[in-house]
Amino acid sequence: MSKKDDHANVDLRGTLISVFFVGVVIVAMWVIVYSMYVAR
Amino acid sequence: MIAAQDRKIALWNIGVAYTAFLIGTLCGLLQVFIRNDALQLPAWLDYYQILTAHGVLLALIFTTFFIFGFFITGMSKSLGAFGPKVRLFSWIGFWVTLLGTVMATVMIVSGEASVLYTFYAPLKGSGWFYVGLALVIVGTWISSFALVGHYIVWRKTHKGELSPLFAFMTITTIILWIIACLGVVATVLFQYIPWAFGWTDTINVELSRSLFWYFGHPLVYFWLLPAYMAWYVIVPKLLGVKVFSDSLARLSFVLFILFSIPVGFHHQLTEPGISNFWKFLQVVLTFMVIIPSLMTAFSMFATFEISGRKKGGTGLFGWFKKLPWKDVRFTSIFIAMAFFIPGGAGGIINASFQLNEVVHNTLWIVGHFHITVGTPVAMTFMGMTFWLIPYLTGRKFTKSMQILGFVQIITWSIGMLLMSTAQHVLGLLGAPRRTAYSGYNGHESALEWFDGILTNHVTMAVGGSILFLSAMILIYIVVMTMFLSPKAVKPEEIVEFPMAESDKESTPKWLENWWIWIGIAVFLIVAAYAIPLSHMIHHAPPGSEGFKTW
Amino acid sequence: MHLHKFEKIWLTFGIVALAVFLGVVGVSAFSQDHTPAGGMDTIDPKKVNETAPFDKPGVTQLDDDTYQVAIVAMAFGYNAPDLKVPAGKEIIFKVTSTDVVHSFTIDNTKVNMMVVPGRITTKSYTFDKPGKYLILCNEYCGTGHHMMFNEIEVY
């Protein structure tokens, strides 16, 4: 692979934390509605 | 600047888009006041007529015309000026789509088609309403083929070269659109039109619903992908960096061709006529189409972080402060993306098979598409409008316009936050969608829904009013930049089309071999649909006559 | 096509989360019978009133622990006389329509059924708590759509 498309050395720690924030929103919303489903 | 004749086509498309936007948002305002009992309509007008107009004009017409205005401009910029045939067919496509729009709108306004934008049979509107819808689709196909023709000419003169990212994404969206429309064209042409004009007596209802949703889900991706195009191609330019990864951007787009179509049953999870096996299979395929959006989320944050760090941001989140928050072109799109986080998460819930029973046809769904198409898509389009129209008219985007732009996107965000949060919570409590009133004769359960601080009619009405105010500010900006703002003379006044560079040296060539993707898409569609649809046809109950229940 | 290490971590997390969601709903649906409303039975929409069980709509006791409730939906109401069912017993709802598409939705329960003419929608549900539950139509069916509601009493 050419170096142009290689992001191995880029510092993306903030990105990782940010996407995991998205992940938490997804999981939390899903779990809330799932528990509402079970409770009904 | 692109060729004057191409600019003219794009501007007409955008002009029609915002005319539809004006009428559509006015209908939205009326709706919240009717639900709030604050408005008595004259006898010739009713809630469901207005609701139909709101849905058709905003979800179908505003989006479609704006998307073509954007595509035409970007294709002319990235591949060069249109040839005479491309221009001719772009105009024909525009006029046919407009003719269909006018026909459908006239039928709605005259009360002949209060069937909502999903037009479920056996509600039977005037035959001319369905002819209008068919013309809208045919018109977009003509415009689509014009752009495909332009692309083919470019490919012929650039043998062995990957096309620019913008063109690649445009063609992806168009392929998706054409395959998706086959479903709605089939049902409108072979089921609705003969039935509405009385040439056939009955209609196969479940088949018509399934063909509609075969189209209905990729339709939302037809709205979303142009917004993603702005996120992938425009945003990096505003941030002063290149596209994060050309190959991953292209890969995520082709994944949408594959997985956005064979998933329509997830809109039909609580209905009869489709066995649980086929419903669940399409639920699994729906979950596949989430993956390219997860990829997109990563690319976006990475673009932000790389740009912010380049500008001197340090630590874990120092880059965040370095983003160009004072640039309304960026801030608008950033807010649009932020809304898509709960929007996308809600979509996963909707598609989660039996969880759909909690939310199906409740106000949650209304909230859901106001924070998907209504904000992530619409606000990306608004953010683009701020430079797209001045770019096409050669006018200035003045300081006062920039301030107004900020007022507009902030009011839209506040209004939408209030309204959609109320709708999501009300939906979870059980309040239904698409109702003029939901008091149910003062039934205790119904009263409880609207008892909360956030979940009352007032919150929705306040949200709706702020949204309408925002829409009117936008219309003002559109009119100014289209007709009245001073012409840009000095080089620094000239508004550019921000298109980021994208390194495609290491992008594999097979990504642009469309036949691979079309082939796999057709295979998946056949696998997901052939057996259940053929069962619907061969084991159909006696068909339904039409009903005009409004 | 190179993926950054963090993107690999993110996509792995995302795909695993999606697989878990699918696993949870799939297992609950197919091994514990928590499937959404549906059914493959058909009916002539013009002969609903003469076809069993819709010729006698209402509650029928099938055996000690099972009741069937047959309901005919039409613009703008439900033909469902004397809706009283016991809590803690399995109730099988069967609904069809004589005209357009409706829904049969019981507030605060899992009963949220699309009603399609020519088809019979089936859903099995067991009420936990006695009380009066609001039934409503949540699929647009015409001018009187918002007036289409009813009540079921659970004793």
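Further up the page is the structure itself.
This is a predicted model, so every value here is computed, not measured.

## Quick look at the interface of chain A and chain C
Taken together, the contact between chain A and chain C spans 20 residues of the former and 16 residues of the latter. Both sides together, the interface formed by chain A and chain C hides about 1,800 Å², and carbon and sulfur atoms give 73% of it. Sorting the residues of chain A by area buried against chain C places Trp-30, Tyr-37 and Arg-40 of chain A first, and these three jointly supply 35% of that buried surface. Counting across the interface, chain A meets chain C through zero salt bridges. Among the residues making up the side of chain A that touches chain C, the classes are represented as 14 nonpolar, two polar and four charged.

## Comments concerning the interface of chain B and chain C
Across the contact, 71 residues belong to chain B and 62 residues belong to chain C. Contact between chain B and chain C buries roughly 5,500 Å² in total, counting both sides, with carbon and sulfur atoms accounting for 67%. Counting the surface chain B buries against chain C, the share from its top three residues, Pro-272, Glu-357 and Tyr-440 of chain B, is 13%. Here chain B is connected to chain C by three salt bridges. A salt bridge links Glu-139 of chain C to Arg-434 of chain B, with the shortest nitrogen-to-oxygen separation between them at 3.3 Å. Those elements that place two or more of their residues in the side of chain B that touches chain C are helix H6 (205-239), helix H7 (246-259), helix H8 (276-288), helix H9 (290-310), helix H16 (444-449) and helix H18 (514-538) of chain B. Broken down by class, the residue content of the side of chain B that touches chain C amounts to 41 nonpolar, 21 polar and nine charged.

## Some details on the nonpolar core
Counting 272 residues, the largest nonpolar core has Phe-70 of chain B together with Phe-93 and Phe-104 of chain C as its most contacted members. Tallying contributions element by element places H6 of chain B first for this core, with 24 residues. Taken domain by domain, this core gets at least three of its residues from each of domain 1 (1-35) and domain 2 (45-154) of chain C. Counting six residues, the second largest nonpolar core, distinct from the first, contains Phe-54, Ala-70, Val-72 and Ile-120 of chain C.

## Structural notes on the side chain of Gln-68 of chain C
Residue and element names in this part refer to chain C. Tracing the sequence through the fold places Gln-68 in strand E2 (residues 66-74). Here Gln-68 falls in the buried class, since its relative accessible area comes to 14%. Setting aside anything within four residues of it in sequence, one finds Gln-68 in contact with Pro-53, Gly-58, Val-59, Thr-60, Leu-62, Ile-92 and Lys-94.

What counts, and at which threshold
Residues numbered from 1 in each chain as written. Chains lettered and ligands numbered in written order. Predicted model: local features only at pLDDT ≥ 70, side-chain atom pairs only at ≥ 80, totals over all residues. Heavy atoms only, no water. Contact = heavy atoms within 4.5 Å. Buried area = accessible area lost by both parts, 1.4 Å probe. Salt bridge = Lys/Arg side-chain N within 4 Å of Asp/Glu carboxyl O. Nonpolar A, V, L, I, M, F, W, Y, C, P; charged D, E, K, R; others polar. Helix = DSSP H or I, 4+ residues; strand = E, 2+ residues; numbered from the N terminus. Core = buried A, V, L, I, M, F, W, Y, C linked by side-chain atoms within 4.5 Å. Buried < 20%, exposed > 50% of the residue type's maximum accessible area, 1.4 Å probe, protein only. Domains from an automatic or database assignment.

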